[in-house]
Amino acid sequence: MSIGIKYDYEKMREVELHSEEKIEYESLMNRLKPFHDWGGMYKIPQENLLIKEVTELAERYDKLSFSVYFEAKFTKKEMEQAVAYMPYFHRMCFEYDDTGDFTETICKECDCQKQIYDLEIMNQGSIKKSKVDYATYKHEGEDYSIISIPMYEYLSSNGIEQCYFRPIYARRDKKNPLAYQIYSENVLPEAAVISKENRYEMCSSCHNIEAKPQNTLQYEPYYMIEEMIEQMKPVNITKEYYGRDQLLVVSKEVYHMIKEKDLRANFIPIFKKI
């Protein structure tokens, strides 16, 4: 298992560090270099002491834009034992430099948001090839789960309803979708999906539930309560907000359909709560 460090370069450009902070920050960034993955992402083995150092530094200086996430590897047996899945696609598709906001902020206190417009992406790179490939992607700016046209057509022809997809367009062509976003407005009940990795708190302003990482420095699996396994739809979202967004949760049926066509599609398993 490895632990990931996500680092917001753009946000850090606006931050002024005092001399002591700057020395610590520059020293840490230099030691993180061998673990650079792509963009602002670093993958570090769980046992490496740098993980603890990054976490402690981020807690000491709130202005440092580090966040810790877990990159767990699961066996085929573990994946089959799961009862639901969270898409965690790796291929990237890119937004325009001057892309507007596709969401509206629901609450200024906890900063949760809701998507109100269809996404726009650039017709370049691997997304061009996706017109003939069964492929999965993530959105550059947000953690949206995106599939190619052939993948969308395959899922649709096998009974997955249109309400679980939103078309995605290039800016100059609003008639022909480039790809589709996996989407849902089916909200699971509170605590239907939980993990000890997070603590769950109610926002004092909007009363939405926020999931806040506890920095346990070890991966904690996600679990689904038994009564939800049969009740959930093909595509769902959690009631809880993880950061600004709710998590996307797909059924075993959807998971198998996507994996059948794209072996590189990555998912996080959700196990039955015992």
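Conventions and cut-offs
Residues numbered from 1 in each chain as written. Predicted model: local features only at pLDDT ≥ 70, side-chain atom pairs only at ≥ 80, totals over all residues. Heavy atoms only, no water. Helix = DSSP H or I, 4+ residues; strand = E, 2+ residues; numbered from the N terminus. Expected span 1.5 Å × (residues − 1). Buried < 20%, exposed > 50% of the residue type's maximum accessible area, 1.4 Å probe, protein only. Arc of directions from axis to C-beta. Pairing = 2+ DSSP bridges. Contact = heavy atoms within 4.5 Å. Axes fitted to C-alpha atoms, helices over the stretch in contact; angles between N-to-C directions. Disulfide = S-S within 2.5 Å. Lys, Arg positive; Asp, Glu negative; His and termini not counted. Salt bridge = Lys/Arg side-chain N within 4 Å of Asp/Glu carboxyl O. Core = buried A, V, L, I, M, F, W, Y, C linked by side-chain atoms within 4.5 Å.

For helix α2 (residues 19-32), spanning 14 residues, the distance from its first C-alpha to its last is 20 Å, which sits close to the expected 20 Å at 1.5 Å a residue. Of all the positions in α2, only Glu21, Tyr25, Leu28, Met29 and Leu32 are classed as buried. Summarising the axial view, the buried residues of α2 lie within an arc of 100 degrees, below the 170-degree limit, and thus occupy one face. Exposed residues pointing more than 90 degrees away from the buried face of α2 are listed as Ser19, Glu20 and Ile23.

Attention now moves to the sheet that holds strand β11 (residues 165-168). In space, the 5 strands of this open sheet follow the order β6-β9-β10-β12-β11, with mixed pairing throughout. Each edge of the open sheet carries a strand with a single partner, namely β6 (92-93) and β11. Summarising the sheet, strand β9 (residues 136-139) and strand β10 (residues 145-147) pair through 3 bridges and their orientation is antiparallel. By the bridge assignment, Lys138 is partnered in β10 with Ser145. Running at roughly 90 degrees to β10, helix α6 (residues 149-157) makes contact with β9, β10, β11 and β12 (179-182) of the sheet.

With mixed pairing, the 8 strands of this open sheet are ordered in space as β13-β16-β19-β5-β18-β17-β15-β14. Edge positions in the sheet fall to β13 (193-195) and β14 (198-202), since each has one partner strand and no second. On average, each strand axis in the sheet is inclined to that of its neighbour by 40 degrees, with strand direction left out of account. Of the strand pairs in this sheet, strand β5 (residues 84-87) and strand β18 (residues 245-251) are connected by 2 bridges, and their pairing is antiparallel. The residue bridging Tyr85 from the neighbouring strand is Val250, located in β18.

Quick look at helix α3 (residues 50-60) now. All of the buried residues along α3 are Leu50, Ile51, Val54, Thr55, Leu57 and Ala58. Take α3 and look down its axis: the buried residues cluster within an arc of 165 degrees, on one side only.

What follows covers the state of the cysteines. Following the criterion strictly, the structure yields 0 disulfides and no others. With no disulfide of its own, Cys107 has Cys203 as its nearest cysteine by sulfur position, at a separation of 3.8 Å. Overall, Cys107 belongs to the buried group, its relative accessible area being 4%. Cys112 provides the cysteine sulfur closest to Cys110, a residue in no disulfide bond, and the two sulfurs are 3.5 Å apart. Judged by relative accessible area, Cys110 falls into the buried class, the value being 11%.

Turning to its location among the elements, Glu220 is positioned in the loop between β15 (209-213) and β16 (222-224). An unpaired buried charge is present at Glu220: no salt bridge exists, and Lys196, the closest side chain of opposite charge, is 5.5 Å distant. Not counting chain neighbours up to four residues away, the residues in contact with Glu220 comprise Ser195, Lys196 and Glu197.

As enumerated under the stated definition, the model contains 10 salt bridges in all. For the salt bridge of Lys174 with Glu120, the shortest nitrogen-to-oxygen distance reads 2.6 Å. Placement of the pair is Lys174 in the loop between β11 and β12 and Glu120 in the loop between β8 (113-115) and α5 (126-129), with a sequence separation of 54 residues. When the shortest N-O distance is used, the salt bridge between Arg199 and Glu201 registers 2.7 Å.

We now examine the nonpolar core. If you look at the biggest cluster of nonpolar residues, it comprises 26 residues, and the most contacted ones within it are Ile147, Leu155, Phe165, Ile258 and Phe267. Elements with a contribution of two residues or more to this core: α6, β12, β17 (235-242), β18, α8 (252-261) and β19 (267-272). Among the elements that take part in this core, α6 stands out by supplying 5 residues, more than any other. Once residues within four sequence positions are removed from consideration, Ile147 is found in contact with Ala135, Thr136, Tyr152, Leu155, Phe165, Ala179, Tyr180 and Ile182. Met86, Ala211, Tyr219 and Ile268 belong to the second-largest nonpolar core, a separate cluster that totals 17 residues.

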